[in-house]
Amino acid sequence: MASKKLLVAICVSLLVCFASCQELRTRSERRRSMRAEECRFSSRRSTPTEKILSEGGVMEFWDEMEEQFRCAGVAAMRMVIQPRCLSLPSYQSSPRLVYIVQGEGLMGISFPGCPETYSAMSPRMETEWWKRGEERMQEMEMEGRMVRDMHQKVHRFRQGDLIAIPAGAAHWCYNDRDVDVIAVAVHDLNNQANQLDQSLRMFFLAGGAPMTALTGQTRRMMGQENLMNIMNAFDPELMAEAFGVSMETMQKMQMQDGRGFIVKAETMRMLRPEGEEEEYEMMGEEEIYRRRRMGGEEAYMRRRRMEGGEAYWGARGMRRAGCNENALEETTSNGLEATMCTMRVRHNMNTRREADIYSRQGGRLNFVNENKLPLLRFLGMSAEKGHLFPNAIYAPHWEMHGHSMVYCTRGEARVQVVGSQGQLAMDEMVREGDMFIIPQYYVSACRAGSDGFEFVSFKTTSLPKKSTMAGLTSVFRSMPLEVVMNSFLMSRTEARDIKQMRMQQQQTYFLSPMKRSRSS
């Protein structure tokens, strides 16, 4: 009897959990559909209209009240970080995808509840740890004679990386190189993680923008009267007691020094990816491809560590975490690799060998979805990077699972977008630095200019799906010949050409230019 009651209780709990998940998904879908009913979709090329100046760079914003952004429920921004400058810690109310257009540097994302697995312990201090023992070293730390800096993982990013940042996760970025870092970010305001209004809300943990560096519209876009860090408004005595620091220290945390949100930081030293990890992150794409053929990134890194007599985290990492060597073998495969704390947050989209679609005459296309970057499953977003060769065509197609925010990274192209009633929603030349939106189910096509065309497309779904009108996977190829003939009042030969012409060239999304005859 007791076992039956327990089984019933478990079943009821599962049903309640399933119903709650369905309700959240339904609420999110209803929220997005209601938003779409309030406006009429249109597409046009757009550039940033507002900016916030700081001593170490600039943040530029597209107008989120522009119809195409408002209807899609997204917001976009572009950030330029000068060499040896730090983008101060902040978090947003909606999930964020960032594409690195130029440069490289270091960044950190603070995941709540995850341990600080990086410990800035010098080699001399590490030797002392093993000589004196853990308890003695902890006593020295308590006495203030030895201080270690513990923090979560520091990631190195480079040009072409896509970085996923969950809503509410504090993050920072530092440019440790000699060229500017240029990054483009898209926020999904309609995501279920955002229970606030449909505005881009950024919460800064430090810094503050000088009034002369921003406009009233920028302040409205940020959802704040004044762009100050969130520490500023709290009672200093309360905060000093909460942090356990002096009033003088707290006043420094609340001080508005006018440097902005990107500040100069010439002498920043921190524990960062080194040795094998940094070697892997910065190696060339050909070497990455060769090693991934050996069993994938994680398998490769694990093999390298095991060959050296170390387990998954490595002996050095286990010492930093305070584990003994007897526990190393037990940590080789414990399932923790799949948790939020150890999930990868970035994936490079510039790797030719990893192109999902490739045409010698047309170009290449790299997809990054929840299968390549599992963290995207929790964000409900994805992206693709396209490289069209000169005069090549991106086949007419429609997105089945979400909207697309397209940012042009190089070259130019003529883009056409057509809506549900056959109306032309967009017909423009787009160039480097432009952004435009392709609504879900709208049909789009583009032809690259004489110098080619490169773009990155952010999507409001973690598993996008396209349906093409031309090319090897054309919808017309799946239809009987008679259907095509009668639909367009054409001959059998013409209908056969529509179905089979591009099939002979084995081209799908990116089509090479063709010489065609024009009827008089």
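Structure first, text after, so check above.
Attention here is on the structure that accompanies the text. (Residues numbered from 1 in each chain as written. Predicted model: local features only at pLDDT ≥ 70, side-chain atom pairs only at ≥ 80, totals over all residues. Heavy atoms only, no water.)

## Remarks on the overall build of the protein chain
When helices and strands are counted, the protein chain shows 14 helices and 25 strands. Residues classed as buried in the protein chain amount to 47% of the 520 residues present. For the protein chain, the share of sequence-separated contacts (at least 6 apart) that also reach a separation of at least 24 residues comes to 75%. As displayed, the protein chain offers around 26,800 Å² of accessible surface, 52% of which is attributable to carbon and sulfur atoms. (Helix = DSSP H or I, 4+ residues; strand = E, 2+ residues; numbered from the N terminus. Buried < 20%, exposed > 50% of the residue type's maximum accessible area, 1.4 Å probe, protein only. Contact = heavy atoms within 4.5 Å. Areas by Shrake-Rupley, 256 points an atom, 1.4 Å probe, with all protein chains shown as cover.)

## A short note on the packing of aromatic side chains
Remark: the centre distance and the inter-plane angle together describe each pair of aromatic rings, the angle taken between the planes. Summed over the entire model, instances satisfying the criterion amount to eight aromatic pairs. Relative to Phe-261, the ring of Phe-204 lies with its centre 3.7 Å away and its plane at 15 degrees, an arrangement referred to as stacked. Residue Phe-204 is found in strand E13 (residues 202-204), and its partner Phe-261 is found in the loop between helix H7 (247-254) and strand E14 (262-264); the two are separated by 57 residues along the sequence. Side by side, Phe-204 and Phe-261 carry an identical accessibility label, which is buried. One aromatic cluster in this structure is built from Tyr-394, Phe-453, Phe-455 and Phe-510. (Phe/Tyr/Trp six-rings, centres within 6.5 Å; stacked < 30°, edge-to-face > 60°.)

## Thoughts on the side chain of His-347
Along the polypeptide, His-347 turns up in strand E15 (residues 346-348). On the basis of relative accessible area, His-347 is assigned to the buried category, the value being 7%. In this structure the side chain of His-347 is engaged in a polar contact, spanning 3.4 Å, whose partner is the side chain of Glu-354. (Polar contact = N/O pair within 3.5 Å; in protein donor to acceptor, adjacent residues only side chain to side chain.)

## A closer look at the packing of helix H6 (residues 236-243) against H7
For the pair H6 and H7, interaxial distance at closest approach is 9 Å and the crossing angle is 110 degrees. Here H6 lies roughly perpendicular to H7, going by the angle between them. Of the two elements, H6 crosses H7, and the hand of that crossing is right-handed. On H7, the residues touching Pro-236, Glu-237, Met-239, Ala-240 and Phe-243 of H6 are Met-247, Met-250, Met-253 and Gln-254. In terms of residue class, the contact of H6 with H7 is made up of seven nonpolar, one polar and one charged. (Axes fitted to C-alpha atoms, helices over the stretch in contact; angles between N-to-C directions. Parallel < 35°, antiparallel > 145°, perpendicular 65-115°, else oblique. Left-handed = near helix turned anticlockwise from the far one by under 90°. Nonpolar A, V, L, I, M, F, W, Y, C, P; charged D, E, K, R; others polar.)

## Re helix H13 (residues 481-488)
Looking at H13, one finds that the buried residues are Leu-481, Val-484 and Met-485. Each buried residue of H13 lies within a common arc of 100 degrees when the element is viewed along its axis, so the set occupies one face. (Arc of directions from axis to C-beta.)

## What to know about the sheet that holds strand E12 (residues 181-188)
Spatially, seven strands are ordered E1-E2-E3-E12-E5-E10-E15 in an open sheet, and the strand pairing comes out antiparallel. With one partner strand each, in any of the chains shown, strand E1 (50-54) and E15 form the two edges of the open sheet. With strand direction ignored, the average angle separating the axes of adjacent strands in the sheet is 20 degrees. Where strand E5 (residues 96-102) meets strand E10 (residues 161-165), four bridges bridge the pair, whose relative direction is antiparallel. Considered in E10, the bridge of Val-98 is made with Ile-163. (Pairing = 2+ DSSP bridges.)

## Quick notes on the pairing of strand E17 (residues 363-368)
In terms of residue burial, E17 counts as a mostly covered element, since six of its six residues are buried. Burial of the side chains of E17 extends over both faces: Gly-363, Leu-365 and Phe-367 are buried on one face and Arg-364, Asn-366 and Val-368 on the other. When strand E16 (residues 357-359) meets E17, the two strands line up antiparallel, connected through three bridges. Along E17, the bridge assignment pairs Tyr-358 with Arg-364. Between E16 and E17, which pair antiparallel one after the other, the connecting turn spans three residues. Where E17 lies against strand E18 (residues 382-388), six bridges are found, and the strand directions are antiparallel. By the bridge assignment for E18, Leu-365 is matched with Gly-386.

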